[in-house]
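Close look at the chain arrangement
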Amino acid sequence: MTTDTANHFEAADLQALVDTVRRFALEHVRPNLDTWEAAGEIPRVLYREAADLGLLGLGYPEHLGGTPAPWRARNALSQTLARHGTSGGLMASLFSLNIGLPPVLAHGSPELQAEVVPPVLRGGQIAALGITEPGGGSDVAALRTTARREGDEYVIDGEKVFITSGMRCDWLTLAVRTDAGNKGASGISMVVVPMDRPGVTRSALQKMGWHCSDTAHLRFDGVRVPVRHRLGEEGAGFRMIMGNFNGERLAMSAMALGFAQACYDEALDWARQRQTFGAPLIERQVIRHKLMDMRMRIESTQAWVDAVTARADAGDTGADWVSHVCLLKNHATQAMQFCADAAVQILGGMGFMRGTASERIYREVKVMMIGGGAEEIMKELAARQSGL
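Quantities reported herein were computed from a predicted structural model and do not represent experimental measurements. (Residues numbered from 1 in each chain as written. Predicted model: local features only at pLDDT ≥ 70, side-chain atom pairs only at ≥ 80, totals over all residues. Heavy atoms only, no water.)

Considering the overall build of the chain
- Regarding its fold elements, the chain presents 13 helices and 10 strands.
- Relative to its length of 388 residues, the chain is compact, with a C-alpha radius of gyration of 21 Å against a globular reference of 21 Å.
- By principal-axis analysis of the C-alpha atoms, the chain measures approximately 80 × 50 × 45 Å.
- For the chain, the proportion of its 388 residues judged to be buried stands at 53%.
- When contacts within the chain are restricted to residue pairs at least 6 apart in sequence, long-range pairs at least 24 apart make up 75% of them.
- Once the 40 positive and 44 negative side-chain charges of the chain are each reduced to a mean point, those two points are 4 Å apart. (Helix = DSSP H or I, 4+ residues; strand = E, 2+ residues; numbered from the N terminus. Rg over C-alpha atoms; globule rule 2.2 N^0.38 Å. Buried < 20%, exposed > 50% of the residue type's maximum accessible area, 1.4 Å probe, protein only. Contact = heavy atoms within 4.5 Å. Lys, Arg positive; Asp, Glu negative; His and termini not counted. Charge placed at Lys NZ, Arg CZ, Asp CG, Glu CD.)

So this is what it looks like as structure tokens:
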């Protein structure tokens with residue numbers, strides 16, 4: 001695989017990546033999913049296995065241990081692992097670095113990057129992102145976790161909720177209010193917190209889906225962090241958060257597309273094998289039409305993902321692109337929702353049983369439609385970016 005620049009990532013590299021991810025999913029993930037779901041987490045060794053294949057470092061600078069790659073490669077990884085791994089919990093935990101590390105790369109000092117990024121890309125440590133607060137939800141500008149400066153340290157007090165990888169992360173890119181007198185967006189900063197510091201407590205949360213992803217309620221009680229762990233300038237955090245969301249939403253769109261494909265794959269295979277009234281289900285017109293309804297949504301989502309991804313790789317990421325990312329996330333997750341529902345219907349009673357991909361994905365649809373920006377927020381942001 002070419003590693004010098006993202007622009008040199010060729011078609012052969014892309015196919016090799018897809019083949020590697022598919023094998024990883026079928027050999028390392030699918031046989032173990034039920035065990036991991038019951039345990040409530042994926043094993044630490046899986047991070048190292050993914051890192052050894054170059055999956056964790058894809059899209060990161062070579063000098064920090066990564067492999068520069070365009071969005072089309074990163075999205076191919078997300079789509080392929082979603083399709084063949086069939087677990088949103090796996091994706092959320094294994095790749096929580098992809099929402100935790102980008103602000104560090106964009107705004108952290110070279111020294112902080114060298115301390116945080118390489119061990120995460122090697123699979124030895126876990127990075128996560130801490131934004132959402134109890135009672136806050138999508139209103140990021142109203143966050144209340146504070147970071148009070150005392151000499152060369154910040155003293156952090158507050159709490160975060162719904163934090164993916166929160167129970168086990170070693171590093172947390174945390175949104176805090178550094179200007180206590182400013183209750184708006186301009187009072188927010190970003191700080192990287194080593195999660196072994198005194199004053200950090202973690203409580204596990206139980207969820208509808210994503211069972212193999214550890215999710216936490218975090219509390220910070222006088223947690224001290226060096227000022228050098230701040231990202232960029234004080235008060236610049238809100239803009240960092242908003243920019244980070246765009247990449248997360250594009251990745252989630254590719255994931256949702258992969259999950260829709262997984263539902264189609266399982267439904268089609270079932271329809272070919274399942275005998276009803278002396279014939280396979282696939283011979284029933286109503287079943288064929290359901291499958292074509294699924295395929296129609298998958299193909300339209302694929303085309304839109306490809307178009308938005310191509311613009312990102314070309315550097316065309318202005319307001320109109322942001323608008324498309326928001327609407328694409330809604331479209332992709334709605335396609336996922338439709339395909340999950342149709343697949344469960346085609347599988348019938350089996351679709352209601354644990355152990356089928358469609359049942360798991362059906363339970364995981366809603367978090368995809370909420371996480372990274374709820375549908376309603378996406379529509380309003382798209383409208384504003386479009387000048388409406």
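Digging into the packing of aromatic side chains
- Tallied over the entire structure, the rule returns 0 aromatic pairs.
- A cation over an aromatic ring shows up here: R74 above the ring of W71, its NZ or CZ 4.2 Å from the ring centre.
- A cation sits over an aromatic face here: R297 above F338, 3.7 Å from the ring centre. (Phe/Tyr/Trp six-rings, centres within 6.5 Å; stacked < 30°, edge-to-face > 60°. Lys NZ or Arg CZ within 6 Å of the ring centre and 35° of its normal.)

As for the packing of helix α11 (residues 319–347) against helix α12 (residues 357–370)
- Viewed as axis vectors pointing N to C, α11 and α12 meet at an angle of 155°, and their least axial separation amounts to 9 Å. As judged from the angle between their axes, α11 and α12 are roughly antiparallel. For the crossing formed where α11 meets α12, the hand is left-handed. Counting all contacts with α11, which are made through K329, T333, Q334, M336, Q337, A340, D341, A343 and V344, the residues of α12 involved are S358, E359, I361, Y362, E364, V365, K366, M368, M369 and I370.
- Taken together, the residues that form the contact of α11 with α12 break down as 10 nonpolar, 4 polar and 5 charged. (Axes fitted to C-alpha atoms, helices over the stretch in contact; angles between N-to-C directions. Parallel < 35°, antiparallel > 145°, perpendicular 65-115°, else oblique. Left-handed = near helix turned anticlockwise from the far one by under 90°. Nonpolar A, V, L, I, M, F, W, Y, C, P; charged D, E, K, R; others polar.)

Some details on the pattern of salt bridges
- All told, the structure shown has 18 salt bridges when counted by the stated rule.
- Between D170 and R44 there is a salt bridge, with the nearest N and O atoms lying 3.3 Å from each other. Of this pair, D170 sits in the loop between β3 (153–164) and β4 (171–177) while R44 sits in helix α3 (residues 44–52), and the two are 126 residues apart along the sequence.
- Note on D170: relative accessible area 25%, which makes it partly exposed.
- The exposure class of R44 is partly exposed, given its relative accessible area of 34%.
- Where salt bridges share partners, they join R148, E150, E153, D157 and R224 into one cluster. (Salt bridge = Lys/Arg side-chain N within 4 Å of Asp/Glu carboxyl O.)

Quick word on the pairing of strand β2 (residues 146–150)
- Looking at chain direction, β2 and β3 are connected through 5 bridges and run antiparallel. Each bridged residue has a counterpart across the sheet, and for E150 the counterpart in β3 is E153.
- Here β2 folds back onto β3, and the loop between the two strands holds 2 residues, one of which, G151, carries a positive phi near 65°. (Pairing = 2+ DSSP bridges.)

A word on the packing of helix α9 (residues 237–273) against helix α10 (residues 285–313)
- At a closest axis distance of 10 Å, the pairing of α9 and α10 adopts a crossing angle of 155°. As summarised for this structure, α9 and α10 are arranged roughly antiparallel, according to the angle between their axes. You can see that α9 and α10 cross each other, and the crossing is left-handed. Side by side, α9 and α10 meet where L250, S253, L257, A260, Q261, C263, Y264, A267, L268 and A271 of the first sit next to I287, L291, M292, M294, R295, I298, T301, Q302, V305, V308, T309 and A312 of the second.
- Partitioning the contact of α9 with α10 into residue classes produces 16 nonpolar, 5 polar and 1 charged.

Quick look at the side chain of R363
- With respect to the helices, strands and loops of the structure, R363 is situated in helix α12.
- Note on R363: relative accessible area 12%, which makes it buried.
- Every residue in contact with R363, bar those within four places of it in the chain, is listed here: E37, M208, G209, H211 and R354.

Details of the environment of P68
- Along the chain, P68 turns up in the loop between α3 and α4 (71–85).
- Classification of P68 by relative accessible area gives buried; the value is 13%.
- Spatially, the C-alpha atoms of P68 and P134 are 36 Å apart, while their sequence positions differ by 66 residues.

Describing the side chain of S96
- Its location among the elements puts S96 in the loop between α5 (88–94) and α6 (97–100).
- Note on S96: relative accessible area 2%, which makes it buried.
- Residue contacts for S96: discarding those within four places in its chain leaves I126, A127, A128, T164 and S165.

Digging into a nonpolar patch on the surface
- On the surface, a nonpolar cluster with roughly 340 Å² of combined accessible area is contributed by M350, F352 and M353.
- Along the chain, M353 turns up in the loop between α11 and α12. (Patch = residues over 30% accessible without salt bridge, like charges linked within 9 Å, V, L, I, M, F, W, Y side chains within 5 Å. Areas by Shrake-Rupley, 256 points an atom, 1.4 Å probe, with all protein chains shown as cover.)

Notes on the nonpolar core
- L94 and M294 are the most contacted members of the largest nonpolar core, which has 114 residues in total.
- A total of 16 residues in this core trace back to one element, the largest contributor, which is α9.
- Apart from the residues lying within four places of it in its own chain, the contact partners of M294 are C263, Y264, A267, F338, C339, A342, A343 and I346. (Core = buried A, V, L, I, M, F, W, Y, C linked by side-chain atoms within 4.5 Å.)

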